[in-house]
Amino acid sequence: MKFSLVAALVVVLAFAHGTESVSLVKRDVQAEVDRITKLINDMSTSITSATQDMVEKVKALEVTNTAQTYMEDSRAQIQPLVDKVQAEAVKLQEQVKPFIANIEDQIKPLTDNFNAQVKPLTDNFHTQVKPLTDMMEKLFQQVMDQTKALLPPQ
């Protein structure tokens, strides 16, 4: 479309130039030809650059569309497999639930029994160690107080 607009512009300029040269006093023909040639060359360069830009943009768009199509096709192929795996996982979870519940039912009495036997032992240990920890705490406090008393005043 740009090319046709530029071509039409060139025709109009050439026509205007022709009518203008008839009505004016004799001009330097070579200078006018050089100017028009430069103008046409500049337009040709501009059109070529614009065309190359358009081709690059179209190619980039095609690559993007191809990648997007590939991703959508891959997703369409993988989705049934994903759905199947999820359905199988749900089935497996439902099948394993009774076994897990059974194991929990069997282990619960064992853990309760263990806790019942260990609790008195830990309570006894705590009552025996508590006076020792209190005594050590007092000792450390005395050492701290004596150390502070030995320090020179500040």
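Here the structure is shown first, and the text comes after it.
Residues numbered from 1 in each chain as written. Predicted model: local features only at pLDDT ≥ 70, side-chain atom pairs only at ≥ 80, totals over all residues. Heavy atoms only, no water.

Novice: I'd like a rundown of the overall build of the protein chain, residues and numbers included.
Specialist: When its secondary structure is counted, the protein chain shows 2 helices and 0 strands. Counting the 154 residues in the protein chain, one finds 4% classified as buried. When the accessible surface of the protein chain is summed, it comes to about 14000 Å², and 66% of that surface belongs to carbon and sulfur atoms. (Helix = DSSP H or I, 4+ residues; strand = E, 2+ residues; numbered from the N terminus. Buried < 20%, exposed > 50% of the residue type's maximum accessible area, 1.4 Å probe, protein only. Areas by Shrake-Rupley, 256 points an atom, 1.4 Å probe, with all protein chains shown as cover.)

Novice: For the side chain of E32, give the residues involved together with the corresponding values.
Specialist: With respect to the secondary-structure elements, E32 resides in helix α2 (residues 29–150). In terms of polar contacts, E32 uses its side chain to reach the side chain of R35, at 3.0 Å. (Polar contact = N/O pair within 3.5 Å; in protein donor to acceptor, adjacent residues only side chain to side chain.)

Novice: Residues and numbers for a nonpolar patch on the surface, please.
Specialist: Together, L132, M135, M136, L139, F140 and V143 make up a nonpolar patch on the protein surface, roughly 560 Å² of accessible area in all. Position of M136 relative to the elements: it lies in helix α2. Residue M136 is classed as partly exposed on the basis of its relative accessible area of 35%. (Patch = residues over 30% accessible without salt bridge, like charges linked within 9 Å, V, L, I, M, F, W, Y side chains within 5 Å. Salt bridge = Lys/Arg side-chain N within 4 Å of Asp/Glu carboxyl O.)

Novice: With reference to specific residues and values, describe the pattern of salt bridges.
Specialist: Per the stated rule, a full pass over the model turns up 7 salt bridges. With a closest N to O distance of 3.5 Å, K108 and D112 form a salt bridge. Of this pair, K108 and D112 both sit in helix α2, separated by 4 residues, roughly a single helical turn. When the shortest N-O distance is used, the salt bridge between K130 and D134 registers 3.2 Å.

Novice: So what's going on with the environment of I36? Residues and values would help.
Specialist: With respect to the helices and strands, the residue I36 is situated in helix α2. Considered as a pair, I36 and L13 are 23 residues apart in the sequence and their alpha carbons are 8.9 Å apart.

Novice: Tell me about α2, residues and numbers included.
Specialist: If you check α2, its first and last C-alpha atoms are just 114 Å apart, much less than what 122 residues at 1.5 Å a residue would give, namely 182 Å. Along its length, α2 reaches its greatest deviation from straightness, about 35°, at I78, and the proline P80 lies no more than four positions downstream. Looking at α2, one finds that the buried residues are E32, M43, I47, A50 and S74. (Expected span 1.5 Å × (residues − 1). Bend = angle between axes of the 7 residues up to and from the residue.)

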